[in-house]
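Letter by letter, the chains look like this.
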Amino acid sequence: MIRIKISELLGKHKMSQAALARATSIRPATVSKMYYEESKRLDISQLNRICNVFNCEISDLLEYIPDDKHKSK
């Protein structure tokens, strides 16, 4: 599973979803989907703009969590 850590970054930088949307020119609905980890696809240019705003690495924004292999049994 890939975890989107926008909510953590917004909290750390004391920024609202609306402010991030304005700073990145990303639609507020898209930012909201990322915030609630409901996004099915992520646009690389949007990830780039978010990293620019937060001055962070992609690893600060996305986290890979291995699927539990025992769940399927």
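For the structure, check the block above.
Rules of the game
Residues numbered from 1 in each chain as written. Predicted model: local features only at pLDDT ≥ 70, side-chain atom pairs only at ≥ 80, totals over all residues. Heavy atoms only, no water. Salt bridge = Lys/Arg side-chain N within 4 Å of Asp/Glu carboxyl O. Helix = DSSP H or I, 4+ residues; strand = E, 2+ residues; numbered from the N terminus. Buried < 20%, exposed > 50% of the residue type's maximum accessible area, 1.4 Å probe, protein only. Arc of directions from axis to C-beta.

1. Remarks on the pattern of salt bridges
Reasoning step 1: One pass over the full model with this rule turns up 3 salt bridges.
Reasoning step 2: Across the pair Glu37 and Arg3 runs a salt bridge whose closest N-O atoms are separated by 3.7 Å. Here Glu37, found in the loop between helix H3 (28-35) and helix H4 (44-54), pairs with Arg3, found in strand E1 (residues 2-4); they are 34 residues apart in sequence, far enough to count as distant.
Reasoning step 3: As a salt-bridge pair, Arg3 and Glu63 come within 3.3 Å of each other at their nearest N and O atoms. Here the residue Arg3 occupies a position in strand E1, and Glu63 occupies one in strand E2 (residues 62-64), the gap between them amounting to 60 residues.
Reasoning step 4: Residue Glu63 is classed as partly exposed on the basis of its relative accessible area of 31%.

2. Some points on unusual backbone geometry
Reasoning step 1: Although it is not a glycine, Glu37 adopts a positive phi angle of roughly 55°.
Reasoning step 2: What makes Glu37 partly exposed here is its relative accessible area of 34%.

3. Description of the environment of Arg27
Reasoning step 1: Turning to its location among the elements, Arg27 is positioned in the loop between helix H2 (17-24) and H3.
Reasoning step 2: Considering only alpha carbons, one finds Arg27 and Arg3, 24 residues apart in sequence, at a separation of 20 Å.

4. Quick notes on H4
Reasoning step 1: Those residues of H4 that fall on the buried side of the exposure criterion are Gln46, Leu47, Ile50, Cys51 and Phe54. Mapping the buried residues of H4 onto a view down its axis gives an arc of 135°, with all of them on the same face. Residues of H4 that are exposed and angled more than 90 degrees away from the buried face: Ile44 and Asn52.
Reasoning step 2: Asn55 lies just past H4 and shows a positive phi near 50°.

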